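Fold and geometry: a report
Chain by chain, the residues:
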Amino acid sequence: MTFYKYQGTGNDFVIVDNRLQTIDKNNTKQIAQLCDRRFGIGADGFILLENDENVDFKMVYYNADGNESSMCGNGGRCIVAFAKFLGLIDNETEFIAIDGLHKAKIENGLVHLQMQDVSDVETYDTHLFLDTGSPHHVTLVPELKALEVKTTGAEIRYGAPYYDAGTNVNFVDQIGDDHFAVRTYERGVEDETLSCGTGVTAVALAMHHSGKTKAQEVRLETEGGPLKVSFKSGAEGYNDIWLVGPAQQVFKGEFPW
């Protein structure tokens, strides 16, 4: 199996061109192995690029545990860069993912990915909850750098009301009026990742919804680098949401399948 390794602000993925349907997508054990950082290639997720009769391509995404998962924003940006590398697209595209249709464009070396509209942001005493293609728990914390993200994130991810279905957990510190630092615990990886695209999207919307920012273009600092989220807000929630950041090919290789 020929594979390509991509990373978007440190969120890394194994991507395979599966337009010829050569990959057994039911082999979750094999997918988990190739994502293993000691016994495989090492990645936060596994992505297949496939044909679709209505748009440029289809994105199929698997968590590092080998199970097909909900939308991955940084993975979406990386597969757009991969599609351009393959010559499938120029600088603009439409593709389909598990959560529906996405538009994307590449400008000045950055991948702009349009996310799904968000109509509902749930507000609680300690946190906010919303779905940006994947479910996200968002909470402000006083000492973000010192936080044990894996331990605290797992407690929330497996606790009430999420339990086995789980959620991604985002811990946030406000830097400025339109500027936030984010650390994310990702379900399926079951650990902190250096960056999470749907996570920073959720944080930007949650901070606007809760009045922490009035800006509709928010800068977000992840452990793997900066991202930007822009959006429009209205009576029916948030729309025209764009996740913006770099996506880079790291290497190409062969892996036994």
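Just so it is clear, the structure is predicted and the values come from calculations on it, not from any experiment.

Each value, and the rule that gives it
- Residues numbered from 1 in each chain as written.
- Predicted model: local features only at pLDDT ≥ 70, side-chain atom pairs only at ≥ 80, totals over all residues.
- Heavy atoms only, no water.
- UniProt positions renumbered as here; feature names shortened; annotations may be inferred.
- Helix = DSSP H or I, 4+ residues; strand = E, 2+ residues; numbered from the N terminus.
- Buried < 20%, exposed > 50% of the residue type's maximum accessible area, 1.4 Å probe, protein only.
- Arc of directions from axis to C-beta.
- Contact = heavy atoms within 4.5 Å.
- Expected span 1.5 Å × (residues − 1).
- Pairing = 2+ DSSP bridges.

Looking now at the UniProt feature "active site" (unreviewed entry) in the protein chain. Mapped onto this numbering, the UniProt entry gives "active site" (unreviewed entry) at C72 and C196. For the annotated residues, spread through 125 residues, the largest C-alpha to C-alpha distance comes to 7.7 Å, consistent with a single compact locus. Here C72 is to be found in the loop between β4 (57-63) and α2 (73-86). Given a relative accessible area of 6%, C72 falls into the buried group.

A few words now on helix α3 (residues 149-158). Every buried residue belonging to α3 is among V149, G153, I156 and R157, and all of these are buried. Within α3, the buried residues cover an arc of 100° as seen down the axis, which keeps them to one side. For α3, the secondary structure elements touched by its buried residues are β10 (135-140), β11 (168-176), β12 (179-186) and β13 (191-193).

Attention now goes to α2. In a regular helix each residue adds 1.5 Å, so 14 residues correspond to 20 Å; α2 covers 20 Å between its end C-alpha atoms and thus fits that length. Counting buried positions along α2 gives eleven out of 14 residues, so the element sits mostly inside the fold. Turning to α2, its buried residues are G73, N74, G75, G76, R77, C78, I79, V80, A81, F82 and A83. Just downstream of α2, G87 is the residue with a positive phi angle, here 85°.

Inspection of the secondary structure assignment puts L113 in strand β7 (residues 110-114). You can call L113 buried: its relative accessible area is 0%. Residues L113 and T93, 20 residues apart in the sequence, show an inter-C-alpha distance of 9.6 Å. Non-local contacts of L113, meaning those with residues more than four positions away in its chain, are made with M71, G73, G76, R77, F95, H102, K103, A104, I241, W242 and L243.

For the rest of this paragraph, the subject is the pairing of strand β6 (residues 100-107). Of the strand pairs in this sheet, strand β5 (residues 92-97) and β6 are connected by six bridges, and their pairing is antiparallel. Residue pairing in the sheet places E92 in a bridge with K105 of β6. Taking the residues between adjacent antiparallel strands as the criterion, β5 and β6 are bridged by two residues. Across four bridges, the pairing between β6 and β7 is antiparallel. Residue pairing across strands places K105 opposite H112, the latter belonging to β7. Once β6 ends, the chain turns through two residues before running back antiparallel as β7, passing N108 with a positive phi of about 50°.

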